[in-house]
Amino acid sequence: MRLLTYFAFTLLSVVIQFCVMDFIQEKIEHEENAVYLNETTKGKQNSIGILKDYTHNAHALYYRLNAGEIKNVSRTKYSNSSLLNYPFSTTTEPSFTVYDMLYDENISVADGVSTTETFFTSTELDNVTEITLFENTSTTTKPEIIEKKTRYVDTLCYCNFMYKQCDINCCCDDDCSEEENKLFRRCRTHLFVNVRNQWPRNLLTCGENDVSGIFGNLFCIAKTNLPDKRAAVPQKFFERVINDTFVWHNNNHNTDVESYKFTKNLYRNGDPVWLLKNTSIYYIDFPAPFVNNYCSIRRPIKFLQNEETQCLVKLMELEMFRILKTIDESKVINIANNSLNSTAMNCSNLHCTNWTVIYCDEDDCLDFNKTLHEPMCTASFCKNIAFRIEYAFYVYDSKIVNATVKLFAKNIPIAIQYITQKISVKFYMGNTSSERIIKLSGTPGYITGLPIITSFTESNHTNQFFNSDHQNNYLTYPDNKHGLCVKTKNTKKVLLFGLNKRMKCKISIRYISSSNATEACLNVQTHINKMLSVQNKVYVSPYGNPNNVKDDDWLPIKLKSQFIYGQLYSKSSKIQCYNLQTRVAFIFTYAVLSSSIGQVENKLLSAKVDGFASNVTFSTNSHELSTVITVDINFINVNNWMQHEYAGPPHLNLNLPKNFFFPFPSNKECHSYKPNILFINYLCIIALFVK
Amino acid sequence: MGLYRLFSDNVEIQYKSYFLSKATLFTIITTLMNVILPFIVAYRSRGFWLKTHSFYEQPVIRSTYDYLFLAKTIDPSHAIICGDATGLNAEISNSENCAEVEIQEYDYNADGKTDMLHFKLHLNVLPNNSIISVLLILGMDFQLQTTCELHMQTLGVVDKEFSFPSSGLYYYGDLEFYQSSHLPCINNVIDTTYNTSLLTSPNESQKDVIDFILENYFRRKVTTLVKTLFTKIQNGYTGSLDVNINLRVPEMHIRYQPSVLQELKWAWPQYFSLVAVFYWLFNRVKRFVFSKRLLMAWEIVPWKKTN
């Protein structure tokens, strides 16, 4: 029995602790209210009613503090009995009234008792008397003040939108008669969404008056750890705010644009390249994209700064027209030492360099001939349209001794609205033509994006590379021009290190009807092999710089030949070629020489070319045998990923005896008996401790 | 000089009784309650058994060099198809218009995992065939190597529509791991359920090849999505279309079903912490009951002689 009594008491205390405490607290608060609101019981009810409505508008935890404040405010403020008489029984929505009072600084109410609350800053007692007037609650209502009350109520009625006309479901509309109010199913009791400080509804059901459920407010958090924001106190004028506040920017960026002024100095790195036109001097520039890949801005060509750009342009705005005009009118000028003191601006004082213009078509490059190479359009296409422009400036002794412009032209259909033009600017030190300069692909390991160095001779590859025309030093494959394979001097693709690519294009070979099918098929294969530079054995340099690379180290590549034969189907005018290698795959394996990231040098370990045989059917009706060929390029890195090294643990310089953790001595002779004795000793010690 | 308590030990007082007695029954009941009640409390407070768990991992993603690229023009008879879907090669015409394709994998931090995949395509566009949309289906090999070992073939699908003739598409996106259910995650077993090629379409299939591939992929519980970060389109017809697609491989969030041991490991501390409290509580009750002689038992005190 005693035990049960103990349990019962414990349970009771727990219940008191957790369940009844809230109730007690509420009671106390209500009693406190009662003390303050002693004079008007109605007022107290109204105050609670306010909070009831208030809590029905669900609010976040943060606002519960304010709810308490509201209670306090009403408690202290309404010591003046007349103030408490909200027109609840008439047409005013109480929560709106309080809400608006609390959050609208324009409305002033009396603060009869001096409190710490700062929501109410003024003491307009007139308004206080206005709110007091209710027929049902106050026996001292004066009829003449009703108008004032009504006016006040009107200002707070958020559903009265029609002047002198009853708004449906708007119970606070004075224009509505009592009969009309009775017709309304539901009075609007909430503010509109766009009214300020409106918090979402039904987020939290905890509230003083919410006693639904068994536990009521047991699990409601009454306080939060948020700071008690009771009032916003305006701070003093703080000048730093002006600098810290973001404002609209000044869009006038003229000051940012680089302005260049010709000075009589030797060229320095970054100076624009100056041109002389009659007596005026200006710098040469090139088009560049700005936002949408269209050539919309121009940038100066700067001394010793290589550039490469690509942008879209309309046919009429092609850069080549501007270049041809510039070349006709102007010359590149250099300041020589003897011209520094001269004031005259002409070629006698300044060192002038004439332009060299080279016109390149797909096959070859020639000196530009205006009559032959002038761009022109017919109804269907335009010819001699330069889509690629290469500036080459040769510099010697801070002077541009040669200025060359290469125009790579092609014919384009008139239907094409925009042309992608590529412009490159390159400076070379010395007077050696860029074609004769031997370009390495690494130092010595290959660098990604640079061509694979190849030798087409049987031996002496390194010498061949440094002494021959560099055009033949690279592995090339055809370019795709409107779907067709094109491999000429100026139109071809170079096999670049590290880029995994697949290229497709269509080859077309004239079919000679006199030849038999197998010959035709072999002819097609020969043509493909020639296009892919694999008709003979080729050697690939393992390094991007083949200097000091022995012949044996060069990696051979050879396409295995297949047994190709053909069959003619004269009835259907078709030729079937068997084992035709239309797809060729170059597979290179490489390893990273240097371990440091950022300075990677790659060595080719192996290279091979695989042909994939397939049976292809050609139609002989068009007297052309055409098929699509594929070139696959794959680079495989055989390195494992980097092994990251971590800092080792701190090293303690302790010289422990060798058998410190190992009781068995290294002497094998004693191995038979000594360990057993030691082991038994250990066991004995452990047993002693345990006991 | 004062004395300090350095060590203390309890004297054990034993209470003994017959097996068939109220005291024994009381002890059995309290012991059982001590075992069962913590379990009930822990279980009823939810989250006792670990149902789901997740981890973050950057997967090993490699391109399989399989792809299918479809460029639709206004005229449906002139769609441009590039790619390697099995059963498709025979049907592709005008494949020479897929002038050049480049696929690059970038490992920026040299940890053996691809950090970005770059797909580049140069396409010849015939006059009067302006492209209105492009669709790329890129085959990838996907491996998770840490907690839940998984090896599967997956796709990166990029779709973009053009409202005007365009000459370039620059696409930047992230690969995302999307699972419709938890991974089973069995220890020391590599899940290869989905390690089958996706870019295959049986020749005899009556369906559209792309529909077939996408439907097949859609049925999977584990897929990868491509989340667009930003795109840029280069407008103006130039007779070609350059497609540049950059896909980053970020750390991915992977959900899995925990193993039994992991569930036990999770449940044990919850249970044990409650057992300790209940053990203390029941000990107090037992001490009260036996010391106050509420139940009949013989008290054996070590310093008193027993009969």
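Residues numbered from 1 in each chain as written. Chains lettered and ligands numbered in written order. Predicted model: local features only at pLDDT ≥ 70, side-chain atom pairs only at ≥ 80, totals over all residues. Heavy atoms only, no water.

A. Just the nonpolar core, in detail. Residues and elements named next belong to chain A. Judged by nonpolar contacts, the single largest core of 50 residues is most densely connected at Val-273, Ile-301, Trp-355, Tyr-391, Phe-393, Ile-400 and Leu-407. Among the elements of the structure, β1 (274–277), β5 (307–314), α9 (319–329), β6 (330–334), β8 (355–360), β11 (381–396), β12 (399–413) and β13 (418–429) are those that each provide at least two residues to this core. Looking at this core element by element, the count peaks at eight residues for β11. Sequence-distant contacts of Ile-301, defined by excluding residues within four places in its chain, comprise Asp-271, Pro-272, Val-273, Ile-284, Asp-285, Phe-286, Tyr-391, Phe-393, Val-425 and Phe-427. In this structure, Phe-465, Tyr-474, Cys-577 and Phe-635 belong to the second largest nonpolar core, which totals 49 residues. (Core = buried A, V, L, I, M, F, W, Y, C linked by side-chain atoms within 4.5 Å. Buried < 20%, exposed > 50% of the residue type's maximum accessible area, 1.4 Å probe, protein only. Helix = DSSP H or I, 4+ residues; strand = E, 2+ residues; numbered from the N terminus. Contact = heavy atoms within 4.5 Å.)

B. Summary view of the packing of helix α1 (residues 22–44) of chain B against helix α3 (residues 260–291) of chain B. Residues and elements named next belong to chain B. Relative orientation of the contacting elements α1 and α3 amounts to 155 degrees, with a least axis distance of 9 Å. The angle between α1 and α3 places the two elements in the roughly antiparallel class. Crossing handedness for the pair α1 and α3: right-handed. Taken together, the residues that form the contact of α1 with α3 break down as 18 nonpolar, four polar and one charged. (Axes fitted to C-alpha atoms, helices over the stretch in contact; angles between N-to-C directions. Parallel < 35°, antiparallel > 145°, perpendicular 65-115°, else oblique. Left-handed = near helix turned anticlockwise from the far one by under 90°. Nonpolar A, V, L, I, M, F, W, Y, C, P; charged D, E, K, R; others polar.)

C. Just the pairing of strand β4 (residues 295–300) of chain A, in detail. Residues and elements named next belong to chain A. Examined bridge by bridge, strand β3 (residues 285–289) and β4 share five bridges and lie antiparallel to one another. Within the sheet, the bridge partner assigned to Phe-286 lies in β4 and is Arg-299. Joining the antiparallel neighbours β3 and β4 is a turn of five residues, in which Asn-293 adopts a positive phi near 65 degrees. (Pairing = 2+ DSSP bridges.)

D. Highlighting the sheet that holds strand β20 (residues 538–540) of chain A. Residues and elements named next belong to chain A. Read across the open sheet, the three strands follow the order β14-β20-β21; overall the sheet is antiparallel. This sheet does not close on itself; its edge strands, each paired only once, are β14 (454–455) and β21 (555–557). Sheet topology places β14 next to β20; two bridges connect them, and they run antiparallel. Bridged to Thr-454 within β20 is Val-540.

E. Representation of the confidence of the model for chain A within the structure. Overall, the predicted model of chain A reaches an average pLDDT of 72, with 63% of residues at or above 70. Overall, residues 191–204 of chain A carries pLDDT values under 50, and its contacts beyond four positions in sequence, including any with other chains, amount to 36 contacts. (pLDDT = per-residue confidence, 0-100.)

F. Expanded view of the state of the cysteines. Residues and elements named next belong to chain A. Enumeration over the complete set of coordinates arrives at eight disulfides over all chains. Linked covalently through their sulfurs, Cys-377 and Cys-382 form a disulfide whose S-S length is 1.9 Å. Between Cys-377 and Cys-382 the sulfur-sulfur dihedral comes to about 100 degrees; the bridge is accordingly right-handed. Under the relative-accessibility criterion, Cys-382 is labelled buried at 0%. Regarding the disulfides, chain B carries the connectivity 1-2, 3-4 under sequence-order numbering of its bonded cysteines. (Disulfide = S-S within 2.5 Å.)

G. Region of interest: the interface of chain B and chain A. Each partner contributes to the interface: chain B provides 32 residues, whereas chain A provides 32 residues. Both faces considered, chain B and chain A share a buried interface measuring about 2,700 Å² in area, 52% of it formed by carbon and sulfur atoms. Along the contact surface separating chain B from chain A lie four salt bridges. Across the salt bridge formed by B:Glu100 and A:Lys501, the nearest N and O atoms sit 3.4 Å from each other. Inspection of the region where chain B meets chain A yields 16 residue pairs in polar contact (both at pLDDT 80 or more). Put simply, the parts of the chain that give the side of chain B that touches chain A at least two residues each are β3 (60–73), β5 (98–106), β9 (166–179), β10 (222–235) and α3 of chain B. The element best represented in the side of chain B that touches chain A is β5(B), accounting for seven residues. The class makeup of the residues in the side of chain B that touches chain A is 14 nonpolar, twelve polar and six charged. (Buried area = accessible area lost by both parts, 1.4 Å probe. Salt bridge = Lys/Arg side-chain N within 4 Å of Asp/Glu carboxyl O. Polar contact = N/O pair within 3.5 Å; in protein donor to acceptor, adjacent residues only side chain to side chain.)

H. Focus on a negative patch on the surface. All names here are of chain A. Residues Asp-174, Asp-175, Glu-178, Glu-179 and Glu-180 make up a contiguous surface patch of negative charge. Mapped onto the elements, Glu-178 comes out in helix α7 (residues 178–183). The exposed category is assigned to Glu-178, whose relative accessible area is 60%. (Patch = residues over 30% accessible without salt bridge, like charges linked within 9 Å, V, L, I, M, F, W, Y side chains within 5 Å. Areas by Shrake-Rupley, 256 points an atom, 1.4 Å probe, with all protein chains shown as cover. Lys, Arg positive; Asp, Glu negative; His and termini not counted. Charge placed at Lys NZ, Arg CZ, Asp CG, Glu CD.)

I. Spotlight on the environment of A:Cys577. All names here are of chain A. Mapped onto the fold, Cys-577 is located in strand β23 (residues 574–592). Sequence spacing of Cys-577 and Asn-615 is 38 residues, and the spatial spacing of their C-alpha atoms is 5.5 Å. Ignoring any residue separated from it by four or fewer positions in sequence, one finds Cys-577 in contact with Cys-521, Tyr-565, Gly-566, Ser-614, Asn-615, Val-616 and Phe-618.

J. Structural detail: the sheet that holds strand β7 (residues 351–353) of chain A. Residue and element names in this part refer to chain A. The strand order across the open sheet formed by four strands is β2-β1-β6-β7, and the pairing between neighbours is antiparallel. Here the strands that pair on one side only, and so sit at the sheet edges, are β2 (280–283) and β7. Between one strand axis and the next, the sheet turns through 40 degrees on average, direction left out of account. Sheet strands in contact with α9 are β1, β2 and β6, and its direction is about 65 degrees off that of β6.

K. Representation of the environment of B:Phe69 in the model. Residue and element names in this part refer to chain B. Checked against the element boundaries, Phe-69 lands in strand β3. The spatial distance from the C-alpha of Phe-69 to the C-alpha of Cys-82 is 4.9 Å, given a sequence separation of 13 residues. Not counting residues up to four positions away in its chain, the partners in contact with Phe-69 are Ile-80, Ile-81, Cys-82, Leu-121, Leu-123, Val-134, Leu-135, Leu-136 and Val-243.

L. How the structure looks around α9(A). Residue and element names in this part refer to chain A. Those residues of α9 lying buried are Glu-319, Met-320, Ile-323, Leu-324, Thr-326 and Ile-327. The buried residues of α9 occupy an angular sector of 165 degrees when projected down its axis, which confines them to one face. Of the exposed residues in α9, those oriented more than 90 degrees away from the buried face are Lys-325 and Asp-328. (Arc of directions from axis to C-beta.)

M. Just the pairing of β23(A), in detail. Residue and element names in this part refer to chain A. With 14 of 19 residues buried, β23 lies mostly within the body of the structure. In this sheet, β23 lies alongside strand β22 (residues 565–569) in antiparallel orientation, the contact comprising five bridges. Bridged to Gln-567 within β23 is Gln-576. Where β23 lies against strand β25 (residues 624–637), eight bridges are found, and the strand directions are parallel.

N. Layout of the side chain of A:Thr454. Of note, A:Thr454 is situated in strand β14. Here the side chain of A:Thr454 touches A:Ile452 through a polar contact of 3.3 Å, landing on its backbone oxygen.

O. Here's a closer look at the pattern of salt bridges. Considering all chains together, one arrives at 18 salt bridges over all chains under this definition. Residues A:Glu329 and A:Lys277 are paired through a salt bridge, measuring 3.4 Å at the closest nitrogen-oxygen approach. Here A:Glu329 is found in helix α9, whereas its partner A:Lys277 is found in strand β1, with 52 residues between them in sequence. Its relative accessible area of 29% is what places A:Lys277 among the partly exposed residues. What you see here is one network of salt bridges that share partners, running through A:Lys493, A:Lys501, B:Glu100 and B:Glu102.

P. Representation of the side chain of B:Glu100. With respect to the secondary-structure elements, B:Glu100 resides in strand β5. Engagement of the side chain of B:Glu100 in a polar contact is seen with the side chain of A:Lys493, the distance being 3.3 Å. At 3.4 Å, the side chain of B:Glu100 and the side chain of A:Lys501 are in polar contact. The residues contacting B:Glu100, other than those within four sequence positions of it, are A:Tyr477, A:Lys493, A:Lys501, A:Arg502, A:Met503, B:Lys120, B:Leu121 and B:His122.

Q. Broad picture of the confidence of the model for chain B. Counting all residues, the mean pLDDT for chain B is 90, and 94% of those residues have values of 70 or more. This complex was scored by the predictor with a pTM of 0.66 and an ipTM of 0.75.

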